[in-house]
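Analysis of the macromolecular model
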Amino acid sequence: MRSQMFLGHLLLGFFLFAGSAPVRASETIEASSASNPAPVEVFSAFDRFELAKVAMGSPYAGQPANDRALLDLQTDIDKRIPAWVAEKNAQPAKSDPPRVLLIEPRVEKIRFVSTGARFWAGAFSGKSQVLLKVRISDQATGTLIAEPEFYQQAAGMAGAWTFGAADKTMLERAASLVADYLQANFAQAVGGPTGKE
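The following paragraphs examine the structure supplied in this document. (Residues numbered from 1 in each chain as written. Predicted model: local features only at pLDDT ≥ 70, side-chain atom pairs only at ≥ 80, totals over all residues. Heavy atoms only, no water.)

**Considering the overall build of the chain**
Across its full length, the chain holds six helices and eight strands. Each helix and strand of the chain, placed in order from N terminus to C terminus, yields the pattern α-β-β-β-α-α-β-α-β-β-β-α-α-β. Expressed as a percentage of its 197 residues, the buried residues of the chain come to 41%. Sequence separation of at least 24 residues holds for 76% of the intrachain contacts in the chain that already meet a minimum separation of 6. Entry remark: accessible area of the chain is about 10300 Å², with carbon and sulfur atoms responsible for 60%. (Helix = DSSP H or I, 4+ residues; strand = E, 2+ residues; numbered from the N terminus. Buried < 20%, exposed > 50% of the residue type's maximum accessible area, 1.4 Å probe, protein only. Contact = heavy atoms within 4.5 Å. Areas by Shrake-Rupley, 256 points an atom, 1.4 Å probe, with all protein chains shown as cover.)

**Quick notes on the packing of aromatic side chains**
Inspection of every chain in the model, using the stated rule, returns five aromatic pairs. Measuring from centroid to centroid gives 6.0 Å for W84 and F186, while their planes differ by 85 degrees, and the two rings are edge-to-face. Within this pair, whereas W84 is found in helix 3 (residues 82-89), its partner F186 is found in helix 6 (residues 165-187), the two being separated by 102 residues in sequence. Grouped by ring-pair contacts, the aromatic residues F43, F150 and Y181 constitute a single cluster. The ring of F186 carries K88 above its face, with NZ or CZ at 4.1 Å from the centroid. The ring of F46 has R99 sitting right over it, with the charged end atom 4.0 Å from the ring centre. (Phe/Tyr/Trp six-rings, centres within 6.5 Å; stacked < 30°, edge-to-face > 60°. Lys NZ or Arg CZ within 6 Å of the ring centre and 35° of its normal.)

**Topic: helix 3**
Considered for burial, the residues of helix 3 that qualify are W84, V85 and K88. Seen end-on, helix 3 carries its buried residues on one side only, within an arc spanning 100 degrees. (Arc of directions from axis to C-beta.)

**Comments concerning the nonpolar core**
If you look at the biggest cluster of nonpolar residues, it comprises 37 residues, and the most contacted ones within it are V107 and I136. Looking at this core, the element that brings in the most residues is helix 6, giving ten residues. The residues contacting I136, other than those within four sequence positions of it, are F43, L101, L102, T143, L144, I145, A146, P148, Y181 and L182. (Core = buried A, V, L, I, M, F, W, Y, C linked by side-chain atoms within 4.5 Å.)

**Looking at the pairing of strand 7 (residues 149-154)**
Along a regular strand, successive side chains alternate from one face of the sheet to the other. Where burial is concerned, most of strand 7 is hidden: five out of the six residues are buried. As defined by bridge partners, strand 5 (residues 128-138) adjoins strand 7 across six bridges and the pair is classed as antiparallel. In the strand pairing of strand 7, V130 is matched with Q152. (Pairing = 2+ DSSP bridges.)

**Side note on the pattern of salt bridges**
Think of it this way: side chains of opposite charge can pair up when their charged atoms draw near. Scanning all chains against the criterion turns up eight salt bridges. Between E108 and R106 there is a salt bridge, and its shortest N-O distance comes to 2.9 Å. Exposure remark for E108: the relative accessible area of 28% places this residue in the partly exposed category. The class for R106 is partly exposed, based on a relative accessible area of 25%. As a salt-bridge pair, E147 and R106 come within 3.2 Å of each other at their nearest N and O atoms. (Salt bridge = Lys/Arg side-chain N within 4 Å of Asp/Glu carboxyl O.)

Next up, the structure:
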């Protein structure tokens, strides 16, 4: 009986770990440089701001660990950016019709280690990594104003010691980099860090 329970727990752990494995564990995920270029226009040249939901395409979408990470990342973005957007949108428009800046974040690449994988395999499940790109454009014309990228990672050992908390904190840091870029480039075009060290 005891051996059957052990085998059952072992199989459950295997399926939890397998279900959270990334598409390509050996894939290189990193930002192209340490800093993002400045936008072609300051964001204050626009009257209204529209923030899209975070997108994620194949081959990353549809995997339980990545889909969970996307939900957490959306929550982290929602804690940092919509209030700023609402504040700017409350200001009187300078042009008629108002110029609208469209902000479209997307997960370009991700390798997210789930809590289950951390529990069963610890540091052996590797590090979590995320690369975000944010397309920032003039909504009316489609003109690209900026397309910064943001990279963060959580080391395997850190994820193991924190039982997955470090993996989630990685997403929070990525969301903070996006918010910082938007705020820093509102009054002047200065670019900003990608998160790559």
